[in-house]
Protein chains: 2
Amino acid sequence: MKPSPNPPTGLRARKKAQVRRTIQEQALRLFLSKGYENTTVEEIAAAAGVSHMTFFRHFPTKEAVVETDDYDPMIIQLIERRPPDEDALTALHRALIQGLEAVYAGDKDALLVRTRLILTTPALRARVWENQYATERLFAEALAARQPEADALRIRVLSAAALAALNTALALWVDSQGAEDLPPLVDRAFRALRD
Amino acid sequence: MKPSPNPPTGLRARKKAQVRRTIQEQALRLFLSKGYENTTVEEIAAAAGVSHMTFFRHFPTKEAVVETDDYDPMIIQLIERRPPDEDALTALHRALIQGLEAVYAGDKDALLVRTRLILTTPALRARVWENQYATERLFAEALAARQPEADALRIRVLSAAALAALNTALALWVDSQGAEDLPPLVDRAFRALRD
DNA sequence: TAACAAATGTTAGTCAATAACACTTGGAGG
DNA sequence: CCTCCAAGTGTTATTGACTAACATTTGTTA
């Protein structure tokens, strides 16, 4: 049994990753040009030069092809590293801002395009919120690890509220076509939460 | 052109309402006994003695059959009637509690069963959140009507956070099997929000 | 009671998703 | 280098949500 701490790098694995990337690119291109609902999985697969079965072997659902890479582990780490005397809401605020800066710096335009697509497509919005339900619980766990004394209801409410603040900031960012900068919007959203 | 301020009461309308009710009852019964995913629309329709087309003429999707009657208008009214000098978050808190008491008093057990079904079924959870996206905006509008001076971002964040608090309370209520009372949980959730 | 319209049924589709089975090809050991 | 295994893919068939077109039943209303 191999330890396999890092992914395989053989030709086979490279091909697989390439197919996955191609599917994702073609899907995004088609969604943006003719809309999510008007694009069939069959079309995406054809555009990527594979069969629809290959599509579903790489992505469990049509929605999954739009999903962001999972930022949760990064944010969780950032939360756990906040100073233990820091208020729970502040810790969430700072951790989210730190994580966001990293993503935002490299990806800004792509992030805007994809976020707009998601927020304007009901099926994709629903998918995102479903993910956030899980994220909320991870946040709550991370907060509990920091402060084992804390009230369970309180940290769950604050986790949910923090994600709500982030979502609102994202919505306004998309509304402004990216004219406003995202991190300041998130700051304002958290300040609104604090009264 | 008739004003039609109240629904028609003829035999036809009564039959239609009856069919709708029967479909909803049979659907809920089947969902609870064999699970949402394991129940097909065809089965529900057969149990209600209609064809699957009639099902879809009464409910746009399979998920819609579980949806609560729309409480939004009531809550909106309650928000708008809060004293104008009251803080936005407090207004949301009081309005939600008032609306909740009304629903809770009459419906408690049915509410618990249906809420549990929804929270344990991913497809239904997603549907609820999609609705809450709309509800959030209605709340924000109602708050803006009360206080035209208020910051748009702030009232949207607070609306989203209020719904997050309500959701968390509902989740804990379901977790406790209804042993805890819901209104106090909502109160605690809002207090957590206020720091 | 005749005529209209609302409600439902029948039938035939589309599309997402899954399953079963066959095929191609990279990778590891001899 | 060759062989064999398994990962990756293709083909085909099926289920289930949902839609469209058209026919049929059944209140309503004049």
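Residues numbered from 1 in each chain as written. Chains lettered and ligands numbered in written order. Predicted model: local features only at pLDDT ≥ 70, side-chain atom pairs only at ≥ 80, totals over all residues. Heavy atoms only, no water.

Here we take up the protein's contact with DNA strand C. Taken together, 25 residues are adjacent to DNA strand C, and A:L11, A:K62, B:S51, B:T54 and B:R57 come closest. Taken together, the sugar and phosphate atoms account for 62% of what DNA strand C places within 4 Å of the protein. For DNA strand C, a phosphate oxygen lies 2.7 Å from a polar atom in the backbone of A:K62. Here B:R12 contributes a side-chain N or O atom positioned 3.3 Å from a sugar or linking oxygen of DNA strand C. Breaking the surface near DNA strand C down by element, the ones donating at least two residues are α1 (11–34) and α3 (52–58) of chain A together with α1 (11–34) and α3 (52–58) of chain B. The element that contributes the greatest number of residues to the surface near DNA strand C is α3(B), accounting for 5 residues. Here the surface near DNA strand C is built from residues that sort into 8 nonpolar, 10 polar and 7 charged. (Near = heavy atom within 4 Å. Polar contact = N/O pair within 3.5 Å; in protein donor to acceptor, adjacent residues only side chain to side chain. Helix = DSSP H or I, 4+ residues; strand = E, 2+ residues; numbered from the N terminus. Nonpolar A, V, L, I, M, F, W, Y, C, P; charged D, E, K, R; others polar.)

This part takes up the pattern of salt bridges. Opposite charge on two side chains permits them to pair, given that their charged atoms come into close proximity. Taken as a whole, this structure holds 23 salt bridges over all chains when the rule is applied. Of the charged contacts, one joins A:E86 and A:R82 as a salt bridge, the two residues approaching to 2.8 Å between their closest N and O atoms. The exposure class of A:E86 is buried, given its relative accessible area of 14%. Given the relative accessible area of 15%, A:R82 is considered buried. Linking A:E130 and B:R125 is a salt bridge whose minimum nitrogen-to-oxygen distance equals 2.2 Å. Separated into two different chains, A:E130 in helix α6 (residues 122–146) and B:R125 in helix α6 (residues 122–146) make up a pair that spans both. A relative accessible area of 11% means that B:R125 is categorised as buried. Via salt bridges that share partners, A:D195, B:D87, B:R154 and B:R194 belong to a single interconnected network. (Salt bridge = Lys/Arg side-chain N within 4 Å of Asp/Glu carboxyl O. Buried < 20%, exposed > 50% of the residue type's maximum accessible area, 1.4 Å probe, protein only.)

Looking now at the UniProt feature "DNA-binding region" (unreviewed entry) in chain A. According to UniProt, the feature "DNA-binding region" (unreviewed entry) maps to residues 40–59 of chain A in the numbering used here. The span residues 40–59 of chain A carries 75% helix and 0% strand; its end-to-end C-alpha distance comes to 14 Å. (UniProt positions renumbered as here; feature names shortened; annotations may be inferred.)

Around DNA strand D, a shell composed of 25 residues is seen, among which A:T54, A:R57, B:R12, B:K15 and B:K62 lie nearest. Note that a phosphate oxygen of DNA strand D is positioned 3.5 Å from one of the backbone N or O atoms of B:T39. Separating a phosphate oxygen of DNA strand D from a backbone N or O atom of B:K62 is a distance of 2.6 Å. Counting residues per element, the ones that place at least two in the surface near DNA strand D are α1 and α3 of chain A together with α1 and α3 of chain B. Considering only residue class, the surface near DNA strand D consists of 8 nonpolar, 10 polar and 7 charged.

Before going further, it helps to examine the packing of aromatic side chains. Applying the stated criterion across every chain, the model contains 10 aromatic pairs over all chains. On the basis of an interplanar angle of 45 degrees and a centroid distance of 5.8 Å, the ring pair of B:F55 and B:F59 is categorised as tilted. Given the relative accessible area of 0%, B:F55 is considered buried. Its relative accessible area of 2% is what places B:F59 among the buried residues. Chaining the aromatic ring pairs together yields one cluster made of A:F55, A:F56 and A:F59. Sitting over the face of the ring of B:Y36, B:K62 holds its NZ or CZ atom 4.3 Å from the ring centroid. (Phe/Tyr/Trp six-rings, centres within 6.5 Å; stacked < 30°, edge-to-face > 60°. Lys NZ or Arg CZ within 6 Å of the ring centre and 35° of its normal.)

On to the packing of helix α5 (residues 88–119) of chain B against α6(B), then. Residues and elements named next belong to chain B. The interhelical angle for the contact between α5 and α6, taken along N-to-C directions, is 160 degrees, at an axis separation of 13 Å. Taken together, the axes of α5 and α6 lie roughly antiparallel to each other. At the point where α5 passes α6, the crossing takes the right-handed sense. Judged by residue contacts, A88, A91, L92, L96, L117, I118 and L119 of α5 engage L124, R125, V128, F139, L143 and R146 from α6. A class-by-class count of the residues in the contact of α5 with α6 yields 11 nonpolar, no polar and 2 charged. (Axes fitted to C-alpha atoms, helices over the stretch in contact; angles between N-to-C directions. Parallel < 35°, antiparallel > 145°, perpendicular 65-115°, else oblique. Left-handed = near helix turned anticlockwise from the far one by under 90°. Contact = heavy atoms within 4.5 Å.)

With that settled, the discussion passes to the relation of the copies chain A and chain B. With an RMSD of 0.1 Å, the operation that places chain A on chain B is a rotation of 180 degrees combined with a shift of 0.1 Å along the axis. Expressed as a symmetry operation, the mapping of one chain copy onto the other fits a two-fold axis. Both copies present the same face, since 97% of the interface residues in chain A are matched by interface residues at the equivalent positions in chain B. (Least-squares fit on C-alpha atoms with pLDDT ≥ 70 in both.)

Accessible area lost when the parts come together is the quantity often used to give the size of an interface. Of the residues lining the interface, 29 residues belong to chain A; the matching set on chain B comes to 28 residues. Together, the buried faces of chain A and chain B total about 2700 Å²; carbon and sulfur atoms form 63% of this surface. At the boundary of chain A with chain B, the tally comes to 8 salt bridges. At the surface where chain A touches chain B, the tally comes to 4 residue pairs in polar contact (both at pLDDT 80 or more). By residue number, the principal contributor to the side of chain A that touches chain B is helix α7 (residues 152–175) of chain A, which donates 13 residues. (Buried area = accessible area lost by both parts, 1.4 Å probe.)

When pLDDT is averaged along chain A, the result is 94, and 96% of the positions lie at 70 or above. pLDDT under 50 marks residues 1–5 of chain A. Its contacts with residues more than four places away, or in other chains, come to 0 contacts. (pLDDT = per-residue confidence, 0-100.)

This next bit is on helix α8 (residues 182–193) of chain B. The end-to-end C-alpha distance of α8(B) is 17 Å, a good match for the 16 Å that 12 residues give at a rise of 1.5 Å each. When α8(B) is considered as a whole, its buried residues turn out to be B:L182, B:P183, B:L185, B:V186, B:A189, B:F190, B:A192 and B:L193. Taken together, the buried residues of α8(B) touch α7 and α8 (182–193) of chain A together with α5 and α7 (152–175) of chain B. Looking one or two places after α8(B), you find B:D195, whose phi comes out positive at around 65 degrees. (Expected span 1.5 Å × (residues − 1).)

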